[in-house]
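What the coordinates show
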Amino acid sequence: MAWWQGFDETRLLIAADPPVAGDGAGQLISLRHPKSGNTMCCVLVDGMLQELNWFRQSYSSWFLGDYVSEDGGIYTATRVDPVFVLLPIFEEARMKKGDDPGKYRPLDEIIFVDGYPGYQQLLSIAENSMQVVCEIKEIDSSKYFRLDDSKVLAWLYHKACQLKQTLSMLDSNYAAREEKHRLADAVSILGEYLKDEPWLKLLCDRLRIDLPEAPKKAPDAETLPTANESSPGIWNGSQSKSDNKVTTRAAGRQAKKIKLETGSHNIRDMFTRASSSKK
């Protein structure tokens, strides 16, 4: 069954084009967020991992051709490096104690996370992705992985420098800022996917900058429900309206009534008459 089957309503999704070599089939999976540890919803399309986010403002809809989508939320699927998602899993799996670098473990054992079967779907991309931050030993045609601190720090340093360069190319005024400030912005973005201890602190010490503050969440944003793991690939979008609704009105504050001008009509009545005339 395709990942989009099971949706009763049309919704707006902005996502990157799937690889040309693939078939474009995707699957919704639930993973642990590498920063907070909370459940996050992702889309895996032809080996490309994308984080699925949902933003919605009050009283909004979408005009899609001749159709009006009552759900005014916007879904975005942005590509994310699998190393960020797998880094906490590999950190726990090596069972490091003090100066002991930890244990080597097989890949299928590392990505087995209780309550998150979606990690099993990453088995095909985990080996190539984690080679850059792991030491690997091959015994009897079996590979064993162990996270390496120096490789992780080198990878994070490269990510920070690469992101700083990308941000500078987006705007000439931004590029004129001091390098230390641009580097701090890059680390702040990376910090959204890194725990403060140990990786974010080690990166800041390496770059000699202060630890960035936690980003503030938008007050009127709604969170995206997780994928339904009991039926992989299917997400019940209607659940978001009842279980994950966030109200922005202050407690005790009365809602303002909409005043209609004389002779004017509600836009909903216009669509009601149009739909009735077709019957």
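Remember, it's a predicted structure, so these values are computed and weren't measured experimentally. (Residues numbered from 1 in each chain as written. Predicted model: local features only at pLDDT ≥ 70, side-chain atom pairs only at ≥ 80, totals over all residues. Heavy atoms only, no water.)

A tally of helices and strands in the protein chain yields 9 helices and 10 strands. Accessible surface, the protein chain as shown: approximately 18,200 Å² in total, 51% of it carbon and sulfur. (Helix = DSSP H or I, 4+ residues; strand = E, 2+ residues; numbered from the N terminus. Areas by Shrake-Rupley, 256 points an atom, 1.4 Å probe, with all protein chains shown as cover.)

Here we have 3 strands laid out as an open sheet, ordered β8-β10-β9, and antiparallel in their pairing. The outermost strands of the open sheet, each flanked by one partner alone, are β8 (105–106) and β9 (134–139). The sheet contact formed by β8 and strand β10 (residues 142–147) spans 2 bridges and is antiparallel. Its bridge partner lying in β10, P106 is registered against Y144. (Pairing = 2+ DSSP bridges.)

For β9 and β10, the ladder comprises 6 bridges, and the chain directions are antiparallel. Each residue of the ladder has a partner; that of E138, found in β10, is K143. If you look at the hairpin formed by β9 and β10, you'll find 2 residues sitting between the two strands, and D140 has a positive phi there, around 55 degrees.

When you tally the buried positions in strand β4 (residues 48–55), you get 6 out of 8 residues, the bulk of the element. Bridge count for strand β3 (residues 39–45) against β4 is 4 bridges, and the pairing is antiparallel. Bridge pairing links C42 to E51 in β4. In textbook terms, the turn of a hairpin is the stretch between consecutive antiparallel strands, and for β3 and β4 this stretch comprises 2 residues, one of which, D46, has a positive phi near 50 degrees. (Buried < 20%, exposed > 50% of the residue type's maximum accessible area, 1.4 Å probe, protein only.)

Chain-level statistics for the protein chain give a pLDDT mean of 78 and a share of 71% at 70 or above. Every residue in residues 217–223 is under pLDDT 50, and counting partners more than four places away or in other chains gives 17 contacts. Taken as a whole, residues 270–279 scores under 50 in pLDDT and shows 2 contacts with residues more than four places along the chain or in a different chain. (pLDDT = per-residue confidence, 0-100. Contact = heavy atoms within 4.5 Å.)

With mixed pairing, the 5 strands of this open sheet are ordered in space as β1-β7-β4-β3-β2. Both outer strands of the open sheet, β1 (12–15) and β2 (26–32), are each paired with one neighbouring strand and no more. Here the strands of the sheet are splayed against their neighbours by 30 degrees on average, with no regard to which way each runs. Examined bridge by bridge, β4 and strand β7 (residues 74–79) share 6 bridges and lie antiparallel to one another. Counted as the bridge partner of W54 is Y75 from β7. (Axes fitted to C-alpha atoms, helices over the stretch in contact; angles between N-to-C directions.)

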